[in-house]
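Chain by chain, the residues run as shown.
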Number of protein chains: 2
Amino acid sequence: MTETNYPNLQGPVCPLPLQPGGQIVIGHGSGGGMTRDLIVNVFQKYLGNAVLNSGNDSALLNGELVAPPGYQLVVSTDAHVVFPLFFPGGDIGRLSVCGTVNDVAMLGAQPKYLTASFILEEGFSIDELEKVLASMRDACAEAGVQIIAADTKVTEKGKADKLFITTTGIGWAPVGRRITGDQAQPGDAVLISGALGNHGIAVLQARGNLGFQSDVQSDTAPLNHLTQGLCAAFPDVHVMRDPTRGGLATTLVEIAQQSSVTIQLDEPEIPIDASVRAACDLLGLDTLYLANEGKVIVILPEEHAEDALSFLRAQKYGEKARRIGRVIARSSGQLLLGTALSTTRVLDMLAGEMLPRIC
Amino acid sequence: MTETNYPNLQGPVCPLPLQPGGQIVIGHGSGGGMTRDLIVNVFQKYLGNAVLNSGNDSALLNGELVAPPGYQLVVSTDAHVVFPLFFPGGDIGRLSVCGTVNDVAMLGAQPKYLTASFILEEGFSIDELEKVLASMRDACAEAGVQIIAADTKVTEKGKADKLFITTTGIGWAPVGRRITGDQAQPGDAVLISGALGNHGIAVLQARGNLGFQSDVQSDTAPLNHLTQGLCAAFPDVHVMRDPTRGGLATTLVEIAQQSSVTIQLDEPEIPIDASVRAACDLLGLDTLYLANEGKVIVILPEEHAEDALSFLRAQKYGEKARRIGRVIARSSGQLLLGTALSTTRVLDMLAGEMLPRIC
């Protein structure tokens, strides 16, 4: 053993990292004193709570916090690598909370807890990190979820792109509730909670790739209150899913294949904001394949479609809800688009990549 | 809307990515057809199970799989950014499973489920990805855990370093079992399950940074069977924690501070393999600060220390267990090292970074 208590092969260990204007340095990933400084002075300032602050490597949830009898666990995980970190209407913090909250909510579950792991690039601005953490705090408050475990790693400069966040969501759903992609039935109606494509265009705007100004805002939002209310009011909802990467078309092809049905969309009914439509027309992008981060596809029996639409339109994130199609037959899984000209064409999944790192 | 069903702004979409010798391309992160190809043909080949393969964005755990009555949830998350991906005795796949399994196990819980999210760099070898996934499969089998949800994102070349894996672990512990860092009591004995520093030196070896050949292997291993057995046999275990980043010294300082006690280590009793000691002496590294990925510190009442040692030594990953110190007093939190020369010195946390990206 050497004589020093602070073994260090990497240069100065304490470059005043937590001053205003400070940067992430390699030592913040050490697991030692600098990591603790970062956790206590930055992470806990925004995300702190009794479970997270307990300082153990795992979260221990008190008896009162586990799933109540008659409920089952629902779990989801997502890495978030969106570029750039900040975009009109959101940032990677809000996105990383809402994305996972929504994935848990889509099975008819109530999201309760999140974990968050952060990969930071050396040199990343601590001011920007604080903005992201404030967004996470606000999104968690809106969704009603708590971050119960977290982790921080640091890579050398050039080995990551500023900040990646992986969140895992845990929630519960009543035992026997089965809202999954394989439950669509012929005769069902297909609803969407609002206009499509806003997130994709907002991120392109932030990249400076539009070539013109637009006022499009990302739709990033937690949908769990909307979906919980919907499930309570309409117990026969068959499918809920958020059309994120790959957009509406890819998501509906997946559902059609899981359920072995043909879904037909009615193109004129699909809600698209004028500014998004204009951007797509100029850039040659298909709105049906653009990512959304605050929309839900709802599939349920025809007889409840109108009431469900009214319900959605009364919710914060459902004002522009529309009925956009129906499940027309059993099949090997097909998505059709009926156009304004009364022609019909087959839509496939997005094959490759339209917009890398959209979420 | 454009006329194509495969919108694509990024060049060829199908460069035969899944042939032997293939590489990750941007399209594998699209959320569309190529992502599905990668999931079905690569990820599911190694990690597939009924829950993961169901194709929903969340995992729905059947009623029979939730925590039994009288148990509480334990949750942990960790990002893994180890460099290089492969090292003597392990790789990022084994590490990402064992690291999180162990964090859950350290609270006396039985780890049951993992989620895994993958951030892949464009150009990463699919053959190497398959090796990592095979390691994850084998480590999950050894630990007895199931991967129930996963996610894949792809960054452009140069925006990540080949592969990062974040795992989240879910397990359960009996309600009322309280094995946490704040439970160490004066009079307790401090045990370690085996020799220290092997992981750190093995990773240095893999980086070509040793400057000489060594036969040191990483100790990366799932400790949950050992810890479960220990808790069952010794219900009064006070603390278990794995000395990973920051090593034995940093971890014991944390525990001393959480429990408000002084811990004294007996240096001659600390087990260090001769090859690790030689490497540390040559490089000026302090073994007490080197990362371990398959060791556990156990703190329990003195009167059970000998029996617990015997128990540990009969376990697969505990053959070299030793009693290395004791909790000597209440204090504001201090770690002392009694040396072979009968002097005593104060050990502090690792302050900065000794070895970046060790896990």
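Conventions used here
Residues numbered from 1 in each chain as written. Chains lettered and ligands numbered in written order. Predicted model: local features only at pLDDT ≥ 70, side-chain atom pairs only at ≥ 80, totals over all residues. Heavy atoms only, no water. pLDDT = per-residue confidence, 0-100. Contact = heavy atoms within 4.5 Å. Buried < 20%, exposed > 50% of the residue type's maximum accessible area, 1.4 Å probe, protein only. Helix = DSSP H or I, 4+ residues; strand = E, 2+ residues; numbered from the N terminus. Pairing = 2+ DSSP bridges. Axes fitted to C-alpha atoms, helices over the stretch in contact; angles between N-to-C directions. Nonpolar A, V, L, I, M, F, W, Y, C, P; charged D, E, K, R; others polar. Least-squares fit on C-alpha atoms with pLDDT ≥ 70 in both. Phe/Tyr/Trp six-rings, centres within 6.5 Å; stacked < 30°, edge-to-face > 60°. Buried area = accessible area lost by both parts, 1.4 Å probe. Salt bridge = Lys/Arg side-chain N within 4 Å of Asp/Glu carboxyl O. Polar contact = N/O pair within 3.5 Å; in protein donor to acceptor, adjacent residues only side chain to side chain. Expected span 1.5 Å × (residues − 1). Left-handed = near helix turned anticlockwise from the far one by under 90°.

Once that is clear, we can look at the confidence of the model for chain A. Residue and element names in this part refer to chain A. Residues of chain A with pLDDT of at least 70 account for 93%, and the chain-wide mean is 91. Here residues 1-17 scores under 50 on pLDDT; set against residues more than four positions off or in separate chains, the count is 47 contacts. This prediction of the complex comes with two scores: 0.93 for pTM and 0.92 for ipTM.

The next subject is the pairing of strand 14 (residues 344-347) of chain B. Of the two faces of strand 14 of chain B, the one lined by Arg345 and Leu347 of chain B is fully buried and the one lined by Thr344 and Val346 of chain B carries no buried residue. The hairpin turn running from strand 13 (residues 334-338) of chain B into strand 14 of chain B, its antiparallel successor, is five residues long, and Ser342 of chain B in that turn takes a positive phi close to 65°.

All names here are of chain A. Between helix 1 (residues 33-47) and helix 3 (residues 126-143), the least distance of the axes is 8 Å, while the angle of their chain directions is 35°. Contacts between helix 1 and helix 3 involve Leu38, Val42, Phe43, Lys45, Tyr46 and Leu47 from the former and Ile126, Leu129, Glu130, Leu133, Ala134, Met136 and Arg137 from the latter. Split into classes, the residues belonging to the contact of helix 1 with helix 3 amount to 10 nonpolar, no polar and three charged.

Take the relation of the copies chain B and chain A next. Turning chain B through 180° and shifting it by 0.0 Å along the axis lays it on chain A, with an RMSD of 0.0 Å. In symmetry terms, the pair is related by a two-fold rotation axis. Using C-alpha coordinates, one finds that chain B approaches the rotation axis most closely at Ala160 of chain B, a distance of 2.1 Å. Both copies contact each other with a shared surface, as 100% of the interface residues of chain B are interface residues in chain A too.

This brings us to the packing of aromatic side chains. Enumeration according to the criterion identifies seven aromatic pairs over all chains in this entry. Each ring, one from Phe164 of chain A and one from Phe164 of chain B, has its centre 6.4 Å from the other, and the planes form 45°; the classification is tilted. You can see Phe164 of chain A sitting in strand 7 (residues 163-174) and its partner Phe164 of chain B sitting in strand 7 (residues 163-174), one on each of two chains. Taking the relative accessible area as the measure of exposure, Phe164 of chain B reaches 1% and is therefore buried.

The partner chain A presents 101 residues to the 100 residues of chain B that form the contact. Summing both sides of the interface, chain B and chain A together bury roughly 8600 Å²; the carbon and sulfur share of this comes to 56%. Our count for the contact surface shared by chain B and chain A stands at six salt bridges. When the shortest N-O distance is used, the salt bridge between Arg357 of chain B and Glu156 of chain A registers 2.9 Å. Across the contact surface, chain B and chain A share 25 residue pairs in polar contact (both at pLDDT 80 or more). The element best represented in the side of chain B that touches chain A is strand 2 (residues 71-80) of chain B, accounting for nine residues. Across the side of chain B that touches chain A, the residue classes tally to 41 nonpolar, 36 polar and 23 charged. In the sheet, strand 2 (residues 71-80) of chain A pairs with strand 1 (residues 59-60) of chain B via two bridges, with the strands oriented antiparallel. Each residue of the ladder has a partner; that of Val74 of chain A, found in strand 1 of chain B, is Leu60 of chain B.

Residue and element names in this part refer to chain B. One open sheet holds the seven strands; their spatial order is 9-11-8-12-10-13-14, and the pairing between them is mixed. The sheet is open, and its two borders are formed by strand 9 (239-241) and strand 14, each paired with just one other strand. Ignoring which end each strand starts from, the neighbouring axes of this sheet average 25° apart.

Time to look at helix 3 of chain A. All names here are of chain A. Taking 1.5 Å of rise per residue, 18 residues should cover 26 Å, and helix 3 covers 25 Å from first to last C-alpha, within 8% of that figure. Those residues of helix 3 that fall on the buried side of the exposure criterion are Ile126, Leu129, Glu130, Val132, Leu133, Ala134, Ser135, Met136, Ala139, Cys140 and Ala143. At the N-terminal boundary of helix 3, the capping side chain belongs to Ser125, with an oxygen 3.2 Å from the backbone nitrogen of Asp127. Downstream of helix 3 by one or two residues, Gly144 has phi in the positive range, about 80°.

This brings us to the packing of helix 4 (residues 198-206) of chain A against helix 7 (residues 274-283) of chain A. Residues and elements named next belong to chain A. Relative to each other, helix 4 and helix 7 sit at 65°, their axes nearing to 10 Å. The handedness of the crossing between helix 4 and helix 7 is left-handed. Side by side, helix 4 and helix 7 meet where Asn198, Ile201 and Leu204 of the first sit next to Val276, Ala279, Cys280 and Leu283 of the second. Of the residues belonging to the contact of helix 4 with helix 7, the class tally is six nonpolar, one polar and no charged.

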